[in-house]
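Read off the chains here:
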Amino acid sequence: MNKEQLREIISDKMKLIRVEYGYTQNLMAEVLGLSKKTLVQIEKERTLAGWTTVVAVCALFQESEVLKSVLGDSPVEIVETIAHQQVERPGKKTLGGKVWWQTIAGGENFTLQQNLISQHYRIIDRNNHRRFSTIDRMEAENRFEAMAKKEH
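Residues numbered from 1 in each chain as written. Predicted model: local features only at pLDDT ≥ 70, side-chain atom pairs only at ≥ 80, totals over all residues. Heavy atoms only, no water.

### Digging into the packing of helix α1 (residues 3-21) against helix α2 (residues 25-32)
Interhelical geometry of α1 versus α2 gives an angle of 110° and a closest axis separation of 10 Å. Of the possible angle classes, the one that applies to α1 and α2 is roughly perpendicular. In this structure, α1 meets α2 at a crossing whose hand is right-handed. Where α1 approaches α2, its residues M14, I17 and R18 are matched on the opposing element by Q25, M28 and L32. A per-class count over the contact of α1 with α2 returns four nonpolar, one polar and one charged. (Axes fitted to C-alpha atoms, helices over the stretch in contact; angles between N-to-C directions. Helix = DSSP H or I, 4+ residues; strand = E, 2+ residues; numbered from the N terminus. Parallel < 35°, antiparallel > 145°, perpendicular 65-115°, else oblique. Left-handed = near helix turned anticlockwise from the far one by under 90°. Contact = heavy atoms within 4.5 Å. Nonpolar A, V, L, I, M, F, W, Y, C, P; charged D, E, K, R; others polar.)

### What about the environment of A105?
With respect to the secondary-structure elements, A105 resides in strand β2 (residues 101-106). Excluding residues within four positions of it along the chain, A105 makes contact with T111, L112 and F144.

### Some thoughts on unusual backbone geometry
With phi around 60°, E45 is a residue other than glycine that occupies positive phi space. Following the sequence through the fold, E45 ends up in the loop between α3 (36-43) and α4 (51-60). Of note, N128 is a non-glycine position whose phi angle comes to about 70°, a positive value. Along the chain, N128 falls in the loop between β4 (121-125) and β5 (130-134).

### Regarding the pairing of β2
Note that β2 and strand β3 (residues 110-115) share five bridges and pair antiparallel. Its bridge partner lying in β3, T103 is registered against Q113. Remark: three residues form the turn of the hairpin made by β2 and β3, two consecutive strands paired antiparallel. (Pairing = 2+ DSSP bridges.)

### Re the pattern of salt bridges
For the structure on display, the rule yields ten salt bridges. For K68, the salt bridge identified is with E63, shortest N-O distance 3.1 Å. Across the pair D125 and R131 runs a salt bridge whose closest N-O atoms are separated by 3.7 Å. By relative accessible area, D125 is classed as buried at 13%. Looking at R131, the relative accessible area reads 28%, which means it is partly exposed. One continuous salt-bridge network, built from bridges that share partners, spans E77, E80, R122 and R130. (Salt bridge = Lys/Arg side-chain N within 4 Å of Asp/Glu carboxyl O. Buried < 20%, exposed > 50% of the residue type's maximum accessible area, 1.4 Å probe, protein only.)

### Overview of the side chain of D125
With respect to the element layout, D125 can be found in strand β4. Within polar-contact distance, the side chain of D125 engages the backbone nitrogen of N127 at 2.9 Å. Among the polar contacts listed, one links the side chain of D125 to the backbone nitrogen of H129, at a separation of 2.9 Å. Sequence-distant contacts of D125, that is, excluding residues within four places in its chain, are made with N109, F110 and R131. (Polar contact = N/O pair within 3.5 Å; in protein donor to acceptor, adjacent residues only side chain to side chain.)

Right, here's the structure in full:
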């Protein structure tokens, strides 16, 4: 998944997210820092939400069931990984990949997973904390191998 694809997905779901939260167009536009006219254009599929709007939606509505249905359990992680191409630092505790994740490789202390929706990769530690994310499979595999070697 890339920025353009994510913009399309979020734009397509904006109205559903707004309705899920019980927001009027005026309130949703205010929360996102948009004009009502721009929100209407997005909802009517006449234009795509801009990248900053997508980031705001994923951050401010990250618990949305509509959003989770199209992006999985961590919309913010997907945005962050796409924006930076990769993220390396201890992250928040995850659910361990029970939903939306496929295990690619496992070690004693680390697991390499791929998101079934966005197709990005992450490495989590044995306590299910995200340690690394990237959209590049080779980078993910190389980093996983390096981390696995360090544990021995």
